[in-house]
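A look at the structure
Okay, here's what each chain looks like letter by letter:
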Amino acid sequence: ISNWCSTADCDNNWTKRKKLVIANSGVSRTDYQVELTIPYVSEMQADFKDLRFVNQAGDTQYPFVYKHVNDSTSTVMLVKLPTLASGPNTLYMYYGNASAPQRQDYDGTFDWWDSFSGAAGDLNPAKWDTTGQTGIGIDGNDNMVLDGTNAGGMNIFPANGGIDRNDPAVYQ
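Basis of the calculations
- Just so you know, the residues in each chain are numbered from 1, in the order the chain's sequence is written.
- Given that the model is predicted, a residue must reach a pLDDT of at least 70 before its local features are reported, and side-chain atom pairs must reach 80 or more before they are shown or counted; all residues, however, enter totals for whole chains, interfaces and linings.
- Hydrogen atoms and water are omitted, and side-chain values are computed over all heavy atoms in the structure.
- What makes two strands pair is DSSP finding at least two bridges between them.
- Strands here are runs of E lasting at least two residues and helices are runs of H or I lasting at least four, both read from the DSSP assignment and numbered beginning at the N terminus.
- Fitted lines through C-alpha atoms give the axes, limited to the stretch in contact for helices. The angle between two N-to-C directions lies from 0 to 180 degrees.
- We call a set of buried residues a nonpolar core when its members are Ala, Val, Leu, Ile, Met, Phe, Trp, Tyr or Cys and they connect through side-chain atoms within 4.5 Å of each other.
- Burial here depends on accessible area, computed with a 1.4 Å probe over protein chains only, as a share of the maximum for the residue type. Under 20% is buried, over 50% is exposed, and the range in between is partly exposed.
- Any two residues having at least one pair of non-hydrogen atoms within 4.5 Å are treated as being in contact.

As for the sheet that holds strand β6 (residues 87-95)
The strand order β1-β6-β3 describes an open sheet built from 3 strands, whose pairing is antiparallel. Of all strands in the sheet, those with a lone pairing partner are β1 (16-24) and β3 (52-54), marking the two edges. Direction aside, the axes of adjacent strands within the sheet are offset by 30° on average. Relative to β6, β3 runs antiparallel, the two being bridged by 3 bridges. When the bridges of β6 are listed, Val54 appears paired with Tyr92.

Now the structure itself:
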């Protein structure tokens, strides 16, 4: 096959591919995450770590994250497409590589994210505007803290400004 996956992280070590067609009855979108539910087939790794998504030409890999994994049954993933045209959109899913490592890409899939892993001081300070604060982290009760004090009522926003600072939404 002339257009087999040929990206840095997907090559002829992947033995299977499946054509996926995403129907968009709405308007065209740019940099859009689509949710895909992928049923398990026996050639896949049981934990779905070998899944890769590419364009029709096989030369551009799309970033993705796992939303939910049910080993050997199914996975729900978010795949970011550079363009989601109105109408049918074709991409290819590659699998069948028993030695492939997991390749989630949060930074490539989302405009903004932080892992919130829970370890004190483990927030990414490059992603947060903590004006006037010298330290940011998570305390033992999973509360955000600034300078060792609970951040309740403080103005803490993503540093990239990509989220409306007047929106009182809770970010996850």
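Some thoughts on the nonpolar core
It is characteristic of soluble globular proteins that their nonpolar side chains tend to be buried jointly. In this structure, Leu36, Leu51, Phe53, Val79, Leu81 and Met93 are the most contacted members of the largest nonpolar core, which totals 19 residues. Those elements giving two or more residues to this core turn out to be β1, β2 (29-39), β4 (64-70), β5 (74-84) and β6. Those residues within four positions of Val79 in sequence are excluded, and the remaining contacts are Tyr32, Gln33, Val34, Leu36, Phe53, Tyr62, Pro63 and Phe64. Membership of the second largest hydrophobic core comes to 8 residues, among which are Cys10, Trp14, Val54 and Ala100.

A short note on unusual backbone geometry
Here Asp31, not a glycine, exhibits a phi torsion of approximately 50°, which is positive. In this structure, Asp31 sits in strand β2. Residue class for Asp31 comes out partly exposed when judged on its relative accessible area of 42%. A positive phi is found at Phe48, a non-glycine position, where the angle reads about 65°. Along the chain, the position of Phe48 falls in the loop between β2 and β3. By relative accessible area, Phe48 is classed as buried at 0%.

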